[in-house]
Amino acid sequence: MNQCIPCQTVNLRRIKAPNIEGKIPEYPFSTVSSDISGPFPATASGNKYILTFLCQLTNFIECIAIRDITSETVINAFYEL
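Predicted model, so just to flag it, every value in this text is computed and none were measured.

Here we take up the overall build of the protein. Helix and strand content of the protein: two helices and three strands. The N-to-C order of helical and strand elements in the protein reads α-β-β-β-α. With 81 residues in all, the protein has 12% of them scored as buried. Once local pairs closer than 6 in sequence are excluded, the contacts in the protein between residues at least 24 apart make up 25%. Accessible surface computed for the protein: about 7,000 Å², of which carbon and sulfur atoms make up 56%.

Calculation criteria
Residues numbered from 1 in each chain as written. Predicted model: local features only at pLDDT ≥ 70, side-chain atom pairs only at ≥ 80, totals over all residues. Heavy atoms only, no water. Helix = DSSP H or I, 4+ residues; strand = E, 2+ residues; numbered from the N terminus. Buried < 20%, exposed > 50% of the residue type's maximum accessible area, 1.4 Å probe, protein only. Contact = heavy atoms within 4.5 Å. Areas by Shrake-Rupley, 256 points an atom, 1.4 Å probe, with all protein chains shown as cover.

Here is the structure:
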């Protein structure tokens, strides 16, 4: 049954992705994700990028306008949260 070529091409089996479960953070902001968007047109204060932090436990999002994407700028923005 289902050995013919048309049956095999039309009735494709759906392969499910493995269930990947990560470690649940113990407290807010113990595990965060970050991303940088831009460059955008510069603001009056010279910011061209948006730095986004996401708390993996609470899904709280913080967006910060930054001038450049150097590691020093990103680290300072994170510590100012």
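So that's the structure; there's more coming.
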